[in-house]
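Each chain, letter by letter, is given below.
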Amino acid sequence: MSTRRLFFGIGLPPTIQQEIIAWRATAFNAEAGRPLAAANLHLTLAFLGEISAEKATAISRLAGRIRQPPFTLQIDDAGHWPRPGVVWLGPRQSPRGLVQLAELLRSQAARSGCYQSPQPFHPHISLLRNATRPVAMPPRNFHWQFDVTEFALWQSTFSQGRTRYNIVESWPLTA
Ligand code: 2AM
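- As recorded in an unreviewed UniProt entry, the protein chain goes by the name RNA 2',3'-cyclic phosphodiesterase, listed as coming from Winslowiella iniecta.
- The record held by UniProt for the protein chain lists under Catalytic activity (unreviewed entry) the comment "a 3'-end 2',3'-cyclophospho-ribonucleotide-RNA + H2O = a 3'-end 2'-phospho-ribonucleotide-RNA + H(+)".
- Entered under Sequence similarities (unreviewed entry) in the UniProt record, the comment concerning the protein chain runs "Belongs to the 2H phosphoesterase superfamily. ThpR family."

## Comments concerning the UniProt feature "active site" (unreviewed entry) in the protein chain
Here comes step 1: The UniProt record marks His42 and His124 with the feature "active site" (unreviewed entry), using the residue numbering of this structure. Spanning 83 residues, the annotated positions come together in the fold, the maximum distance between their C-alpha atoms being 8.2 Å.
Here comes step 2: As for its placement among the helices and strands, His42 is situated in strand E3 (residues 42–52).
Here comes step 3: With residues up to four places along the chain from it excluded, the contact list for His42 reads Phe7, Ile10, His124, Ile125, Ser126, Trp154 and Tyr165.
Here comes step 4: In terms of polar contacts, His42 uses its side chain to reach the backbone carbonyl oxygen of Asn40, at 2.7 Å.
Here comes step 5: Topologically, His124 is positioned in the loop between helix H3 (96–111) and strand E7 (125–129).
Here comes step 6: Note on His124: relative accessible area 21%, which makes it partly exposed.
Here comes step 7: Apart from the residues within four sequence positions on either side, His124 is in contact with His42, Leu43, Thr44, Trp81, Trp88 and Leu89.
Here comes step 8: Of note is the side chain of His124, whose polar atom sits 2.7 Å from the backbone oxygen of His122.

## A word on unusual backbone geometry
Here comes step 1: You will see that Asn130, though not glycine, has its phi angle at about 55 degrees, which is positive.
Here comes step 2: Looking at where Asn130 falls in the secondary structure, it is placed in the loop between E7 and strand E8 (144–148).
Here comes step 3: The phi angle at Gln160 is positive, at roughly 50 degrees, despite the residue not being glycine.
Here comes step 4: Within the element layout of this structure, Gln160 appears in the loop between strand E9 (150–159) and strand E10 (162–172).
Here comes step 5: Classification of Gln160 as exposed rests on a relative accessible area of 78%.

## Here's the deal with the side chain of Gln116
Here comes step 1: Mapping Gln116 onto the fold places it in the loop between H3 and E7.
Here comes step 2: There is a polar contact of 2.9 Å between the side chain of Gln116 and the backbone oxygen of Phe47.
Here comes step 3: Beyond its immediate sequence surroundings of up to four residues, Gln116 is in contact with Ala46, Phe47, Arg106, Ala109 and Ala110.

## Structural notes on helix H1 (residues 14–27)
Here comes step 1: Taking 1.5 Å per residue, 14 residues should reach 20 Å; H1 reaches 20 Å between its end C-alpha atoms and fits that length.
Here comes step 2: Three or more residues of H1 are buried, namely Ile16, Gln17, Ile20, Trp23, Arg24 and Ala27. Within H1, the buried residues cover an arc of 135 degrees as seen down the axis, which keeps them to one side. Of the exposed residues in H1, the ones pointing more than 90 degrees away from its buried face are Pro14, Thr15, Ala25 and Thr26.

## Observations regarding the site of the ligand
Here comes step 1: Within the structure, the ligand sits among Arg5, Phe7, His42, Thr44, Phe47, His124, Ser126, Arg129 and Tyr165.
Here comes step 2: The contact in question runs from an oxygen atom of the ligand to an N or O atom on the side chain of His124, over 2.6 Å.
Here comes step 3: At 2.8 Å from an oxygen atom of the ligand is found a side-chain nitrogen or oxygen belonging to Arg129.
Here comes step 4: Protein coverage of the free-state accessible area of the ligand, which is 470 Å², stands at 66%.
Here comes step 5: Looking at the shell around the ligand, the elements that each hand over two or more residues are strand E1 (3–11), E3 and E7.

## Re the packing of aromatic side chains
Here comes step 1: If you walk through the whole model with that rule in mind, you get 10 aromatic pairs.
Here comes step 2: Residues Phe7 and Trp154 carry aromatic rings whose centres are separated by 6.0 Å and whose planes lie at 10 degrees to one another, so their mutual orientation is stacked. Taken together, the residues Phe7 in strand E1 and Trp154 in strand E9 connect sequence positions 147 residues apart. Taken individually, Phe7 and Trp154 each receive the classification buried, so the pair is uniform in this respect.
Here comes step 3: Ring geometry for Phe142 and Trp144: centres 5.4 Å apart, planes at 20 degrees, overall stacked.

Definitions and cut-offs
Residues numbered from 1 in each chain as written. Predicted model: local features only at pLDDT ≥ 70, side-chain atom pairs only at ≥ 80, totals over all residues. Heavy atoms only, no water. UniProt positions renumbered as here; feature names shortened; annotations may be inferred. Helix = DSSP H or I, 4+ residues; strand = E, 2+ residues; numbered from the N terminus. Contact = heavy atoms within 4.5 Å. Polar contact = N/O pair within 3.5 Å; in protein donor to acceptor, adjacent residues only side chain to side chain. Buried < 20%, exposed > 50% of the residue type's maximum accessible area, 1.4 Å probe, protein only. Expected span 1.5 Å × (residues − 1). Arc of directions from axis to C-beta. Near = heavy atom within 4 Å. Areas by Shrake-Rupley, 256 points an atom, 1.4 Å probe, with all protein chains shown as cover. Phe/Tyr/Trp six-rings, centres within 6.5 Å; stacked < 30°, edge-to-face > 60°.

What follows is the structure in structure tokens.
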């Protein structure tokens, strides 16, 4: 049976994507970790894992029934998790709409049989991977902000030594 590695997430507006990678190039040296490609930058809402087409269809149908208004996301925090080796950006304060959306998607995923980590939702945009050694964190002198007007189902594929994240389907957030 064919499966796909899927997750729900939020993409970044292209201008902010470019600003973030320009900032990243000045903020970290090459030894800090492996930079994610600009097009791969995203914030994960719920990770589904390797799932069948049937399960993906059922989960997508539930996602399509979500009615939630848009919200504003501020990117004003950064951190380093040495164990998974991730340097990330995220909000100091998570907007309620973001937490609600993630919790709903995570509970729908759990009910559909997708294991959900017991760890609390910590919204983040991974910037560097393989960052398992100490990293000199730059000052948090940045502040990006954008309106989140949709969320999406993403597929993660690995080929020719590269991971790519692509949007499979997206749904609007409407007031
Ligand atoms: P990360 O960026 O913190 O590694 C695609 O792999 C996305 O799903 C990534 O954003 C990744 O988060 C997240 N992810 C991968 N494996 C996961 C897991 N087992 N539990 C939760 N999120 C996971």
